[in-house]
Amino acid sequence: ARVWSVETGKMTRDLKGLNGLGQCAAWSRDGKRAAVCQSNGEVLLYDTSSWEVVYTLKAETPDPARSASFSPDGSVLAVGGFRGTIRLWDTGTGKE
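Before going into details, it helps to say that this report is about the structure given with it. (Residues numbered from 1 in each chain as written. Predicted model: local features only at pLDDT ≥ 70, side-chain atom pairs only at ≥ 80, totals over all residues. Heavy atoms only, no water.)

Topic: the pattern of salt bridges
- On inspection of all chains with the given rule, the structure shows two salt bridges.
- Note that Lys58 and Glu42 form a salt bridge whose closest N and O atoms lie 3.7 Å from each other. Within this pair, whereas Lys58 is found in the loop between strand S6 (52-57) and strand S7 (65-70), its partner Glu42 is found in the loop between strand S4 (33-38) and strand S5 (43-47), the two being separated by 16 residues in sequence.
- On the accessibility criterion, Lys58 (55% relative accessible area) is exposed.
- When the shortest N-O distance is used, the salt bridge between Arg87 and Glu96 registers 3.1 Å.
- On the accessibility criterion, Arg87 (16% relative accessible area) is buried. (Salt bridge = Lys/Arg side-chain N within 4 Å of Asp/Glu carboxyl O. Helix = DSSP H or I, 4+ residues; strand = E, 2+ residues; numbered from the N terminus. Buried < 20%, exposed > 50% of the residue type's maximum accessible area, 1.4 Å probe, protein only.)

What follows is the structure, encoded as structure tokens:
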């Protein structure tokens, strides 16, 4: 996955750590976290100050993500799967 600047139109970061195709992405409202959903069912949660993976979120029964969204305060990441599942993840602990 790549991060692009909306101001310049240029790529600013080529993200590492992906094991599958990026299916969707979401940014927290404060811009401190970004989530990238992979085709293998994992979701990588990044700290945007360093672009290090903070958590790799893995469900017991993987369902490739179709959409993701942070709660207004950024404490919860909701991930919707292709099979109709919705998983809620605590962004502070990485727990479902």
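After that view of the structure, there is still more to cover.
Structural notes on the environment of Tyr46
- For Tyr46, the location among the structural elements is in strand S5.
- Among the residues examined, Tyr46 registers a relative accessible area of 0% and is labelled buried.
- Here the alpha-carbon distance between Tyr46 and Ala1, two residues 45 residues apart in the chain, equals 12 Å.

Section: the sheet that holds S6
- Pairing is antiparallel across the open sheet formed by four strands, whose spatial order is S3-S4-S5-S6. The open sheet has two edge strands with one neighbour each: strand S3 (22-27) and S6. Taken pair by pair, the neighbouring strands of this sheet meet at an average axis angle of 20°, ignoring direction.
- One ladder, built from five bridges, connects S5 with S6; its direction is antiparallel. (Pairing = 2+ DSSP bridges. Axes fitted to C-alpha atoms, helices over the stretch in contact; angles between N-to-C directions.)

A word on the environment of Ser75
- The topology assignment puts Ser75 in the loop between S7 and strand S8 (76-81).
- Residues Ser75 and Trp89 lie 14 residues apart in sequence; the distance between their C-alpha atoms is 8.3 Å.
- Those residues in contact with Ser75, other than ones at most four positions away along the chain, are Trp89, Asp90 and Thr91. (Contact = heavy atoms within 4.5 Å.)

Concerning the nonpolar core
- In terms of nonpolar packing, the biggest core is built from 14 residues, with Val43, Ala68, Leu77 and Val79 touching the most fellow members.
- Breaking this core down by element, the ones donating at least two residues are S3, S4, S5, S7 and S8.
- By residue number, the principal contributor to this core is S7, which donates three residues.
- Setting aside chain neighbours within four positions, we find Val79 in contact with Val43, Ala65, Ser67, Ala68, Thr85, Ile86, Arg87 and Trp89.
- Listed in part, the seven residues of the second largest apolar core include Leu15, Val36, Leu44 and Trp51. (Core = buried A, V, L, I, M, F, W, Y, C linked by side-chain atoms within 4.5 Å.)

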